[in-house]
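The chain contents come next:
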2 protein chains.
Amino acid sequence: MTNPADFYTPYADRFKLLGHPVRLQILDDLRRNPECVCHLEAALRRPQPYISQQLRVLREAGVVADRKDGLNVYYHLVDPQTATLLNAALGPVLPETRNLREKLPDCTCPKCAPPLVAEITLVES
Amino acid sequence: MTNPADFYTPYADRFKLLGHPVRLQILDDLRRNPECVCHLEAALRRPQPYISQQLRVLREAGVVADRKDGLNVYYHLVDPQTATLLNAALGPVLPETRNLREKLPDCTCPKCAPPLVAEITLVES
DNA sequence: TGTGCATATTTGGCAAATCGCATATGATAC
DNA sequence: GTATCATATGCGATTTGCCAAATATGCACA
């Protein structure tokens, strides 16, 4: 006999996924813009393996997906139901923050780092 | 120095609260109608101490409140933000199920039990 | 004052989540 | 090939959550 609460388990699982401050912040970032791991690492100030672990949890739950671009891996939000919950909890994304990629000094990805310019220092020979 | 994710902790805590099938079902019941513990016990088919424990978690989080009425204790939803999340996840309450108290055969509270009528059986003496 | 009823709390064992750290993978540049 | 860079995975220790069972509280009524 199936348990009456089984109906609620998938919903509870999604809530549980959001019930973690780091994952929640990652999702709040990703709903504005796809981001690479190094960007999240810099924004959250957590070690890279830890970010990667949480991204795996989100990926295996089908909430985010990744796309390689050169050396970097960009994650983006794919689950509309999760976006709905984020809107309900955190409010809708402010239009002026959507697709706005802030430059993080600790992020080295090509979309963050300013293009390199030659820097020549003259010294006495 | 405060952690950047601290901003998200209160939101994550609320999600965590909903991230449990039994608590979620309790809240889904309570958003329709205040219910006594015995009613939830019968609806969820779980032992009474277990229901009471989950109610305590919800109560201490400020999501539900209780009101005594005679021998029974009725719980009701008090947090509008939680109601918003329930709507976003489970959909709005169908109007025809609001304030509809189903009679549960295992619930003995006065609002559930049909009023007693005399039942007289004649037997041969 | 005792007895019964509805609900609450405590305790404890076990499973799962969390998170730090070491290391592996896989692609690119040299 | 080797080195390097971004990211992923594995492992272990600690913490937290879950749930069952026993017991406690508190109130109403006789």
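Quick caveat, the model's predicted, so the values are computed rather than measured.

Moving on, we come to the protein's contact with DNA strand C. In the vicinity of DNA strand C, 19 residues are found, and the nearest of them are H20(A), Y50(A), Q48(B), S52(B) and Y75(B). Within 4 Å of the protein, the atoms of DNA strand C are drawn from sugar and phosphate moieties in a proportion of 57%. In this structure, a phosphate oxygen belonging to DNA strand C sits 3.0 Å away from a main-chain N or O atom of C38(B). Note that a phosphate oxygen of DNA strand C is positioned 3.2 Å from one of the backbone N or O atoms of V73(B). The element best represented in the surface near DNA strand C is helix α4 (residues 48-60) of chain B, accounting for six residues. The residue makeup of the surface near DNA strand C, split by class, is nine nonpolar, seven polar and three charged.

With that settled, the discussion passes to the protein's contact with DNA strand D. If you check the shell around DNA strand D, you find 19 residues, and the closest are Q48(A), S52(A), Y75(A), H20(B) and Y50(B). Within the side chain of Q53(B), an N or O atom sits 3.4 Å from a base nitrogen of DNA strand D. Listing elements by their share of the surface near DNA strand D, those giving two or more residues are α3 (37-44), α4 (48-60) and β3 (72-77) of chain A together with α4 of chain B. Ranked by residues supplied to the surface near DNA strand D, first place goes to α4(A) with six residues. Classifying every residue of the surface near DNA strand D by side-chain character gives nine nonpolar, seven polar and three charged.

Here the focus is the packing of helix α2 (residues 21-30) of chain B against helix α3 (residues 37-44) of chain B. Residue and element names in this part refer to chain B. It is the contact of α2 with α3, at a shortest axis distance of 11 Å, that shows an interaxial angle of 125°. If you check the angle between α2 and α3, you find them oblique. The hand of the α2/α3 crossing is right-handed. Residues V22, Q25, I26, D29 and L30 of α2 form the contact with α3, whose own contacting residues are L40, A43 and L44. Taken together, the residues that form the contact of α2 with α3 break down as six nonpolar, one polar and one charged.

Another point: the relation of the copies chain A and chain B. At an RMSD of 0.0 Å, chain A and chain B line up after a rotation of 180° and a shift of 0.0 Å along the axis. Taken together, the rotation and translation relating the two chain copies correspond to the operation of a two-fold axis. Both copies present the same face, since 100% of the interface residues in chain A are matched by interface residues at the equivalent positions in chain B.

Moving on, we get to helix α5 (residues 80-90) of chain A. Looking at α5(A), one finds that the buried residues are T82(A), L85(A), L86(A), A88(A) and A89(A). The arc that holds every buried residue of α5(A), seen down its axis, measures 165°, which confines them to one face. The inward-facing, buried residues of α5(A) contact α1 (9-18), α2 (21-30) and β3 of chain A together with α1 (9-18) and α5 (80-90) of chain B. Where α5(A) terminates, the next one or two residues include G91(A), which has phi positive at roughly 90°.

Turning to the environment of N33(B), a few remarks are in order. Relative to the helices and strands, N33(B) resides in the loop between α2 and β1 (35-36). Along the chain, N33(B) and Y75(B) lie 42 residues apart, while their C-alpha atoms are 8.9 Å from each other.

Rules used throughout
- Residues numbered from 1 in each chain as written.
- Chains lettered and ligands numbered in written order.
- Predicted model: local features only at pLDDT ≥ 70, side-chain atom pairs only at ≥ 80, totals over all residues.
- Heavy atoms only, no water.
- Near = heavy atom within 4 Å.
- Polar contact = N/O pair within 3.5 Å; in protein donor to acceptor, adjacent residues only side chain to side chain.
- Helix = DSSP H or I, 4+ residues; strand = E, 2+ residues; numbered from the N terminus.
- Nonpolar A, V, L, I, M, F, W, Y, C, P; charged D, E, K, R; others polar.
- Axes fitted to C-alpha atoms, helices over the stretch in contact; angles between N-to-C directions.
- Parallel < 35°, antiparallel > 145°, perpendicular 65-115°, else oblique.
- Left-handed = near helix turned anticlockwise from the far one by under 90°.
- Contact = heavy atoms within 4.5 Å.
- Least-squares fit on C-alpha atoms with pLDDT ≥ 70 in both.
- Buried < 20%, exposed > 50% of the residue type's maximum accessible area, 1.4 Å probe, protein only.
- Arc of directions from axis to C-beta.

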